[in-house]
Amino acid sequence: MRIVLVGPPGAGKGTQAAFLAKNLSIPHISTGDLFRANISQGTELGKQAKAYMDAGNLVPDEVTIGMAKDRMAQSDAVNGFLLDGFPRNVSQAESLDEALKADDVKLDAVLDLEVPEDEVVKRIAGRRVCRNESSHVFHVTYSPPKREGVCDVCGGELYQRGDDSEDTVRKRLEVYHTQTEPIIDYYRAQGLVVTISALGKVDEVTKRAMDALKGDK
Ligand code: AP5
Ligand code: MG
């Protein structure tokens, strides 16, 4: 399956993607995680992305689209993928459509995670991620690690993302509403959008998502 996950910052895209990718045997591709890996490795791409991310703005399409396409071209993504955080504006969605068309394949669904803004703020405020791998995600109250400050998966140090400060989160939400939400209408016109509530326990949301994906797409 080829799936796009969409939803505001802190909706639980990364959290759900980990389970959905496993259930569906497809790789989880997060452009945010790819940027953070590049930043921690000190690559040129990471240097280009950092200032935009710290300010809560989108990294320019010239940088982002190439990186996403390179990742999708890897062998584990030949039969499908779960995109998390890409596309994030209409021009990225159009580029993705062109790339898929060139390979003679199509998206199966766009899973839209709906969460009220006050819940998003609580989820982001308590989020802790692993320094080794930012897809290892915890929450101080909702999904605490077994040992405070230590990743259950790999033992890495847990930290609060630099872009999770109150001001930057406000900016990221604004960017989501103005630049990312329009892709929902773009994909709705293609009949691909499945909207679910992302409220409730993590496993309940995963079940809701799996049912919705099986349902009609
Ligand atoms: P990115 O890393 O994609 O951030 P985001 O979209 O803002 O989303 P988040 O990762 O903040 O939230 P999430 O929905 O994954 O939530 P999570 O599962 O962690 O992007 C960061 C930046 O990179 C962007 O601002 C931009 O600068 C750049 N970028 C990335 N892609 C780009 C692109 N395509 N184009 C241009 N720039 C791009 O969950 C949040 C918390 O809630 C966690 O603590 C979790 O434990 C908890 N939680 C999850 N589910 C539940 C639940 N059901 N109940 C209780 N708690 C829960
Ligand atoms: Mg994420």
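Looking up the protein chain in an unreviewed UniProt entry gives the name Adenylate kinase, with the organism given as Streptomyces alfalfae. Among the UniProt annotations of the protein chain, the heading Pathway (unreviewed entry) holds the following wording: "Purine metabolism; AMP biosynthesis via salvage pathway; AMP from ADP: step 1/1." Its UniProt record gives the protein chain a comment under Subcellular location (unreviewed entry), which states: "Cytoplasm".

**Student:** Let's hear about the packing of helix α2 (residues 31-41) against helix α3 (residues 44-55): which residues, and what values?
**Tutor:** At a minimum axis distance of 8 Å, the contact between α2 and α3 shows a crossing angle of 115°. The handedness of the crossing between α2 and α3 is left-handed. Contacts between α2 and α3 pair G32, F35, R36, N38 and I39 from the former with L45, G46, A49, K50 and M53 from the latter. For the contact of α2 with α3, a count of residues per class yields 5 nonpolar, 3 polar and 2 charged.

**Student:** Before we move on, could you go through the UniProt feature "binding site: AMP" (unreviewed entry) in the protein chain and cite the residues and values that matter?
**Tutor:** Those places that UniProt annotates as "binding site: AMP" (unreviewed entry) correspond, in this numbering, to T31, R36, N57, L58, V59, G85, F86, P87, R88, Q92, R161 and R172. On the basis of their most widely separated C-alpha atoms, the annotated residues across 142 residues do not gather in one place, lying as much as 24.6 Å apart. By the element assignment, G85 lies in the loop between β3 (81-84) and α5 (90-102). Residue G85 is classed as buried on the basis of its relative accessible area, which comes to 7%. Those residues in contact with G85, other than ones at most four positions away along the chain, are L5 and T31. Along the chain, the position of Q92 falls in helix α5. By relative accessible area, Q92 is classed as buried at 2%. Apart from the residues within four sequence positions on either side, Q92 is in contact with D61, T64, I65, F86 and P87.

Calculation criteria
Residues numbered from 1 in each chain as written. Chains lettered and ligands numbered in written order. Predicted model: local features only at pLDDT ≥ 70, side-chain atom pairs only at ≥ 80, totals over all residues. Heavy atoms only, no water. UniProt positions renumbered as here; feature names shortened; annotations may be inferred. Axes fitted to C-alpha atoms, helices over the stretch in contact; angles between N-to-C directions. Helix = DSSP H or I, 4+ residues; strand = E, 2+ residues; numbered from the N terminus. Left-handed = near helix turned anticlockwise from the far one by under 90°. Contact = heavy atoms within 4.5 Å. Nonpolar A, V, L, I, M, F, W, Y, C, P; charged D, E, K, R; others polar. Buried < 20%, exposed > 50% of the residue type's maximum accessible area, 1.4 Å probe, protein only.

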